[in-house]
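# Structure assessment
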Amino acid sequence: MFSATLPTTAPPSTPAVAANTHQRLPLAEKLAFLIDKSKTVDHLHQIHAALLRYGLHHHPILNFKLQRSYSSLGHLHYSVALFNDTRNPNVFFWTAIIHGHAVHGLHEEALHFYTQMLTHSVEPNVFTFSSMFKACPLEPALVDIYARGGEVESARQLFDSMPEKSLVSLTTMMTCYAKYGNVDGARILFDGMKKRDVVCWNVMIDGYTQRGKPNESLVLFRQMLAAGVRPNEVTVLSVLSACGQLGALESGRWLHSFIKNNGIQISVQVATALVDMYGKCGSLDDARLVFDMINDKDVVAWNSIIVGYAMHGFSRDALEMFNEMCRMGFHPTDITFIGILSACAHAGLVSEGWRFFHSMKDDYCLEPKIEHYGCMVNLLGRAGHLEEAYELVKNMEIEPDAVLWGTLLGACRLHCNIPLGEVISEFLVSRNLANSGTYVLLSNIYAAAGNWDGVARVRALMKYSGVQKEPGCSSIELNNRVHEFLAGDLKHPKSKEIYMMLEEINGWLKAHNYTPKTDAVLHDIAEKEKVRSLEVHSEKLAIAFGLISTKPGTTIKIVKNLRVCSDCHAVTKLISKIARRKIVVRDRNRFHHFVNGSCSCGDYW
């Protein structure tokens with residue numbers, strides 16, 4: 001910032017002041033009058049010297065007027081020096097220094113003082129904003145300041161008041177909508193732009209990606225390319241994340257090729273995003289190839305491959321990569337341990353899990369977070385150590401959330417522990433922590449035990465509370481297009497062929513003496529109806545579509561939003577053997593690789 005040396009003593013004679021000392025007005029008023037009438041910096045220096053002589057240099061009105069006058073004459077360095085010497089400046093002092101810089105085109109300096117003002121807990125007034133509006137480039141910065149503080153409505157009001165909305169201001173406001181979840185509002189602004197640069201496209205694409213709308217991200221990315229806008233590293237990072245969310249391997253591979261063929265640098269960040277994308281899309285071989293080509297690996301890259309192996313249930317590989325990372329001198333992070341603990345959970349490695357959990361704090365000074373406790377509860381719960389998991393949750397050093405309790409409730413369902421499930425559910429309901437998953441899991445616990453009265457009570461409570469069960473949805477990518485199916489779906493253009501394929505699959509199952517696992521149907525209906533409901537589960541529809549739409553021997557990859565049921569798991573194993581297809585299913589918890597009648601999870605999921 002500017003600095004200046006101000007006069008420290010008064011000159012021997014200040015005629016302008018001396019001429020007024022014998023007048024009736026008090027000295028402070030005389031000096032204020034002289035400051036207002038000053039036309040030169042030399043005259044201001046004389047008055048400033050008089051302020052020092054008479055001990056008035058901290059007089060708030062005189063100090064303010066002198067600061068403002070230095071600024072108006074273009075000598076901002078003196079204004080800043082005075083301001084810095086002011087004790088506890090109020091909003092008027094801050095506004096004056098902001099105004100002085102704004103009107104002289106020093107926008108960054110004006111913004112600096114504005115942010116400092118907020119840091120000092122001084123509330124801006126209308127004059128402050130008026131001063132900021134003197135320079136258009138500051139307006140987006142103000143919108144951004146409000147957005148960063150979560151004041152979306154204030155940001156919108158400020159944006160609406162702008163007489164002219166520049167590309168920068170539009171992009172800033174669009175970022176604020178997207179950041180706080182209003183992607184539809186951001187899209188309205190985006191569509192109304194006459195001119196869009198790569199930053200605008202990136203904001204909108206990333207907004208969709210971050211808000212769980214990956215399909216929209218990919219569609220917008222294709223429109224970006226069609227509009228002739230060249231993507232950059234930020235673009236591809238967002239789109240790779242979208243591909244990973246969808247499990248869209250074909251699109252991800254195409255984007256990888258696009259990156260290499262269009263001169264976009266494959267930095268560590270991009271390479272790590274590729275590893276993450278390939279892992280989430282079910283191709284660990286590709287993920288490992290990219291990982292091995294990274295020359296300057298950082299801990300984030302190591303975390304990606306470790307989490308990838310864990311997600312696929314290749315627990316020993318994940319542990320080997322962890323050991324290799326440590327041998328290379330990398331310090332594990334909290335994300336590393338989420339991957340390792342997940343790997344232990346998928347393989348039922350209870351003792352190893354406890355060892356890693358304690359190692360976090362003892363060896364690496366990392367305090368376990370809610371996610372690490374969640375991994376341990378999942379590990380203990382799946383292994384049948386329900387009381388041990390319950391004690392861990394009750395004695396946590398941090399407050400357990402609904403997700404953690406839900407994990408424990410899921411373990412109660414898995415092991416049909418009704419008493420503990422009821423205790424947990426009642427606790428969640430009494431604390432207003434219950435969500436749709438809570439009710440569904442409790443209902444499932446009762447249903448698995450044949451307690452249909454309990455099921456009816458829970459469902460009545462769900463209806464009364466307005467809670468709705470999340471529907472199962474499975475998707476499959478074909479020719480760079482993602483096809484989604486719900487249970488019993490009839491909306492797909494090829495529904496007739498899909499259901500014909502399902503009938504053929506049923507014939508295969510009967511020939512192999514397969515008995516449907518009707519205990520997976522958690523409804524009090526006739527056995528025949530249970531069998532029929534199992535036949536049209538969303539993942540079976542997606543698999544049938546894959547069988548009729550791809551060449552023999554082609555791997556089929558399915559993504560499901562919920563945990564795969566026991567019947568679909570058993571049926572998919574048989575289909576992989578009969579059709580001689582590898583089928584990869586990514587459910588809410590992990591990947592399942594079905595090959596020749598077996599699953600990579602070893603039926604432990």
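Please refer to the structure higher up on the page.
Being a predicted model, the structure only gives us computed values, none of them experimental.

### Topic: the overall build of the protein chain
In terms of helices and strands, the protein chain carries 32 helices and six strands. Against the globule reference of 25 Å for 605 residues, the protein chain gives a C-alpha radius of gyration of 33 Å, more extended than a compact globule. A separation threshold of at least 6 residues defines the contact pool for the protein chain, and within that pool the share at least 24 residues apart is 62%. As displayed, the protein chain has an accessible area near 29400 Å², and 53% of this comes from carbon and sulfur atoms. Taking the average location of the 61 positive side-chain charges in the protein chain and that of its 60 negative ones, the two points are 5 Å from each other.

### Side note on the packing of helix α12 (residues 183-191) against helix α13 (residues 198-210)
The geometry of a pair of packed helices is captured by two quantities: the angle between their axes and the separation between those axes. Packing of α12 against α13 leaves a shortest axis separation of 10 Å and a crossing angle of 160°. One element, α12, and the other, α13, form an angle in the roughly antiparallel class. Considering how the two elements wind past one another, α12 and α13 form a crossing that is left-handed. Listed contacts from α13 to Val183, Ala186, Arg187 and Phe190 of α12 are Cys200, Trp201, Met204, Gly207 and Tyr208. For the contact of α12 with α13, the class distribution of residues is seven nonpolar, one polar and one charged.

### Notes on helix α10 (residues 152-161)
Within the span of α10, buried status applies to Ala155, Leu158 and Phe159. For α10, the arc enclosing every buried residue in end-on projection is 100°, short of the 170-degree limit, so these residues lie on one face. In α10, the exposed positions that point more than 90 degrees away from the buried face belong to Glu153 and Gln157.

### Focus on the pairing of strand β4 (residues 583-586)
Each regular strand displays side chains that alternate between the two surfaces of the sheet. What you see with β4 is no split at all: Ile583 and Val585 on one side and Val584 and Arg586 on the other are buried throughout. With four bridges connecting them, strand β3 (residues 556-560) and β4 associate as parallel partners. Its bridge partner being in β4, Lys557 is matched across the sheet by Val584. As a crossover connection, the stretch from β3 through helix α32 (residues 566-578) into β4 is right-handed. Note: β4 against strand β5 (residues 591-595), four bridges, orientation antiparallel. In the strand pairing of β5, Ile583 is matched with Phe594.

### Considering unusual backbone geometry
Of note in the backbone geometry, Asn480 takes a positive phi value of approximately 65° without being a glycine. Counting through the fold element by element, Asn480 comes out in the loop between β1 (473-478) and β2 (481-486). Residue class for Asn480 comes out partly exposed when judged on its relative accessible area of 36%. At Arg580, a position not held by glycine, the phi torsion is positive, near 55°. Its location among the elements puts Arg580 in the loop between α32 and β4.

### Considering a nonpolar patch on the surface
On the surface, Phe92, Val126 and Phe127 cluster together into a nonpolar patch covering about 350 Å² of accessible area. With respect to the element layout, Val126 can be found in helix α8 (residues 126-132).

### Here's the deal with the sheet that holds strand β6 (residues 598-599)
One open sheet holds the six strands; their spatial order is β2-β1-β3-β4-β5-β6, and the pairing between them is mixed. For this open sheet the edge positions go to β2 and β6, each flanked by a neighbour on one side alone. One ladder, built from six bridges, connects β1 with β2; its direction is antiparallel. Paired with Ser474 across the two strands is Phe485, which belongs to β2.

### Examining empty space enclosed by the protein
Regions of empty space are outlined by a rolling probe, equal in size to a water molecule, passed over the atoms. Counted by the stated rule, this structure contains one cavity of 30 Å³ or more. What the largest cavity holds in volume is close to 30 Å³. If you go around the largest cavity, the residues you meet are Val275, Asp276, Gly279, Lys280, Ser304, Val307, Gly308 and Met311. Looking at the lining of the largest cavity residue by residue, the class counts come to three nonpolar, three polar and two charged.

### Points about the side chain of Thr235
Considering the arrangement of structural elements, one finds Thr235 in helix α15 (residues 233-246). Note on Thr235: relative accessible area 1%, which makes it buried.

### Some thoughts on the nonpolar core
Membership of the largest hydrophobic core comes to 110 residues, with the highest contact counts inside it found for Met174 and Ile424. Apart from the residues lying within four places of it in its own chain, the contact partners of Ile424 are Tyr390, Trp405, Leu408, Leu409 and Cys412. Ranked by size, the runner-up nonpolar core spans 33 residues in total, among them Met501, Cys565, Cys601 and Trp605.

### What about the packing of helix α20 (residues 315-327) against helix α22 (residues 350-364)?
The geometry of α20 relative to α22 is characterised by a closest axis approach of 14 Å and an angle of 20° between their N-to-C directions. When the axis of α20 is compared with that of α22, the two are roughly parallel. In this structure, α20 crosses over α22, and the sense of that crossing is left-handed. Between α20 and α22, the contacting residues are Arg316, Leu319, Phe322 and Cys326 on the first element and Glu352, Phe356 and Tyr364 on the second. Of the residues belonging to the contact of α20 with α22, the class tally is five nonpolar, no polar and two charged.

### So, the pattern of salt bridges
Counted by the stated rule, this structure contains 16 salt bridges. Among the salt bridges present, the one from Arg327 reaches Glu324, with a minimum N-O distance of 2.6 Å. With a gap of three residues between them, Arg327 and Glu324 both fall in helix α20, about one helical turn apart. Overall, the relative accessible area of 63% leaves Arg327 in the exposed class. With a shortest N-O distance of 3.5 Å, Glu367 and Lys361 are connected by a salt bridge. For Glu367, a relative accessible area of 45% puts it in the partly exposed group. A network of salt bridges, in which partner residues are shared, links Lys361, Glu367 and Glu397.

### Remarks on the packing of aromatic side chains
When we look at a pair of aromatic rings, we describe it by the centre distance and by the angle of the planes. Per the stated rule, a full pass over the model turns up 18 aromatic pairs. Aromatic side chains Phe337 and Tyr364 sit 5.7 Å apart centroid to centroid with 55° between the ring planes, which places their arrangement in the tilted category. Placement of Phe337 in helix α21 (residues 334-347) and of Tyr364 in helix α22 is noted, with a sequence separation of 27 residues between them. The ring of Phe190 carries Arg196 above its face, with NZ or CZ at 4.3 Å from the centroid.

About the thresholds
Residues numbered from 1 in each chain as written. Predicted model: local features only at pLDDT ≥ 70, side-chain atom pairs only at ≥ 80, totals over all residues. Heavy atoms only, no water. Helix = DSSP H or I, 4+ residues; strand = E, 2+ residues; numbered from the N terminus. Rg over C-alpha atoms; globule rule 2.2 N^0.38 Å. Contact = heavy atoms within 4.5 Å. Areas by Shrake-Rupley, 256 points an atom, 1.4 Å probe, with all protein chains shown as cover. Lys, Arg positive; Asp, Glu negative; His and termini not counted. Charge placed at Lys NZ, Arg CZ, Asp CG, Glu CD. Axes fitted to C-alpha atoms, helices over the stretch in contact; angles between N-to-C directions. Parallel < 35°, antiparallel > 145°, perpendicular 65-115°, else oblique. Left-handed = near helix turned anticlockwise from the far one by under 90°. Nonpolar A, V, L, I, M, F, W, Y, C, P; charged D, E, K, R; others polar. Buried < 20%, exposed > 50% of the residue type's maximum accessible area, 1.4 Å probe, protein only. Arc of directions from axis to C-beta. Pairing = 2+ DSSP bridges. Right-handed = clockwise from strand over helix to strand, strands pointing away. Patch = residues over 30% accessible without salt bridge, like charges linked within 9 Å, V, L, I, M, F, W, Y side chains within 5 Å. Salt bridge = Lys/Arg side-chain N within 4 Å of Asp/Glu carboxyl O. 1 Å grid on protein atoms, 1.4 Å probe; cavity = no way out; pocket = protein on both sides within 12 Å on 5 of 7 lines; lining within 4 Å. Points joined across faces, edges and corners; volume = space filled by probe spheres on them. Core = buried A, V, L, I, M, F, W, Y, C linked by side-chain atoms within 4.5 Å. Phe/Tyr/Trp six-rings, centres within 6.5 Å; stacked < 30°, edge-to-face > 60°. Lys NZ or Arg CZ within 6 Å of the ring centre and 35° of its normal.

It is worth stressing that arrangement in space is one thing and function is another; only the former is reported here.
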